[in-house]
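Take a look at the letters that make up each chain.
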Amino acid sequence: MVTNLRLIRSVITNSTTITATFNDNLSPTIGISNVVITSNIVGFPDPATIEINTSGSTMTITCQPLIPLVSYFILFQSTTDSSFQSLNGNAFLYQDGVTNKILVIAPVSNDNPVLTFMTN
């Protein structure tokens, strides 16, 4: 029986690292082409995905630095070279452009002087 692979949680660790957790263990064949990051604001560059690491149901995405407080869409997708699927191949990512796409806002670095001033 085939089921849907779903994103459960995403966390932006820092400006270059994003962690995504799914409802099933991920296939190790998922690669860079399966994750596309695009800026939601015209004129801001789209950061390239540099590396994808999967461990169980967690995917760690390494990308070019995100611009603080800019919103980005992260699209998880299958490609002709690599299906976005579970480890045992019985769950596939549902690609409707809604459930496989999330909106995130890039964090401000902790050593930002404006942030420090506002926090104090």
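Anything mentioned here points back to the structure above.
Residues numbered from 1 in each chain as written. Predicted model: local features only at pLDDT ≥ 70, side-chain atom pairs only at ≥ 80, totals over all residues. Heavy atoms only, no water.

Novice: Before we move on, could you go through unusual backbone geometry and cite the residues and values that matter?
Specialist: Phi at L69 is positive, roughly 65°, even though this residue is not glycine. Its location among the elements puts L69 in the loop between strand 6 (58–63) and strand 7 (71–76). With a relative accessible area of 61%, L69 lands in the exposed category. (Helix = DSSP H or I, 4+ residues; strand = E, 2+ residues; numbered from the N terminus. Buried < 20%, exposed > 50% of the residue type's maximum accessible area, 1.4 Å probe, protein only.)

Novice: If you had to explain the environment of T54 to someone new, which residues and values would you point to?
Specialist: Looking at the element boundaries, T54 is found in strand 5 (residues 49–55). Look at T54 and you get partly exposed, because its relative accessible area is 27%. Taking the C-alpha atoms as reference, T54 lies 6.2 Å from P28; in sequence the two are 26 residues apart. Excluding its chain neighbours within four sequence positions, the residues that come into contact with T54 are L26, S27, P28 and M59. (Contact = heavy atoms within 4.5 Å.)

Novice: Lay out the sheet that holds strand 4 (residues 35–39) in plain terms, naming residues and giving numbers.
Specialist: Strands sit in the order 4-7-9 across an open sheet of three strands; the sheet is antiparallel. Lying at the two open borders of the sheet, with one neighbouring strand each, are strand 4 and strand 9 (101–105). The sheet shows a mean angle of 25° between the axes of neighbouring strands, direction not considered. Relative to strand 9, strand 7 runs antiparallel, the two being bridged by five bridges. Note that in strand 9 the partner of Y72 across the bridge is V104. (Pairing = 2+ DSSP bridges. Axes fitted to C-alpha atoms, helices over the stretch in contact; angles between N-to-C directions.)

Novice: An account of the packing of aromatic side chains is requested, with residue identities and associated values reported.
Specialist: The relative placement of two aromatic rings is captured by the distance of their centres and the angle of their planes. Under the definition given, this model contains three aromatic pairs. When the centroid spacing of 5.3 Å and the interplanar angle of 50° are considered together, the rings of F22 and F84 count as tilted. One end of the pair, F22, is in strand 3 (residues 17–22); the other, F84, is in the loop between strand 7 and strand 8 (91–93), with 62 residues separating them in the sequence. Assigned by exposure class, F22 and F84 land together as buried. (Phe/Tyr/Trp six-rings, centres within 6.5 Å; stacked < 30°, edge-to-face > 60°.)

Novice: Can you explain the nonpolar core? Please cite residues and give values.
Specialist: If you look at the biggest cluster of nonpolar residues, it comprises 23 residues, and the most contacted ones within it are F22, I37, M59, F76 and F84. Contributions of two or more residues to this core are made by strand 3, strand 4, strand 6, strand 7, strand 8 and strand 9. Excluding anything up to four places from it in sequence, M59 contacts I18, T19, A20, F22, L26, I30, V35, I52, N53, T54, F76 and F84. (Core = buried A, V, L, I, M, F, W, Y, C linked by side-chain atoms within 4.5 Å.)

Novice: Help me get a handle on the pairing of strand 5, residues and values and all.
Specialist: Relative to strand 6, strand 5 runs antiparallel, the two being bridged by six bridges. Among the inter-strand pairings, T49 is bridged to a residue of strand 6, identified as C63. The turn joining strand 5 and strand 6, which pair antiparallel and follow one another in sequence, is formed by two residues; a positive phi near 65° is taken by G56.

Novice: Residue-level account of the sheet that holds strand 3, with values.
Specialist: If you trace the four strands from one edge of the open sheet to the other, you get 2-3-6-5, paired in antiparallel fashion. For this open sheet the edge positions go to strand 2 (7–14) and strand 5, each flanked by a neighbour on one side alone. For this sheet, the mean inter-axis angle between neighbouring strands, taken without regard to orientation, is 20°. Alignment of strand 3 against strand 6, held across five bridges, turns out to be antiparallel. Of the residues in strand 6, the one forming a bridge with T19 is T60.

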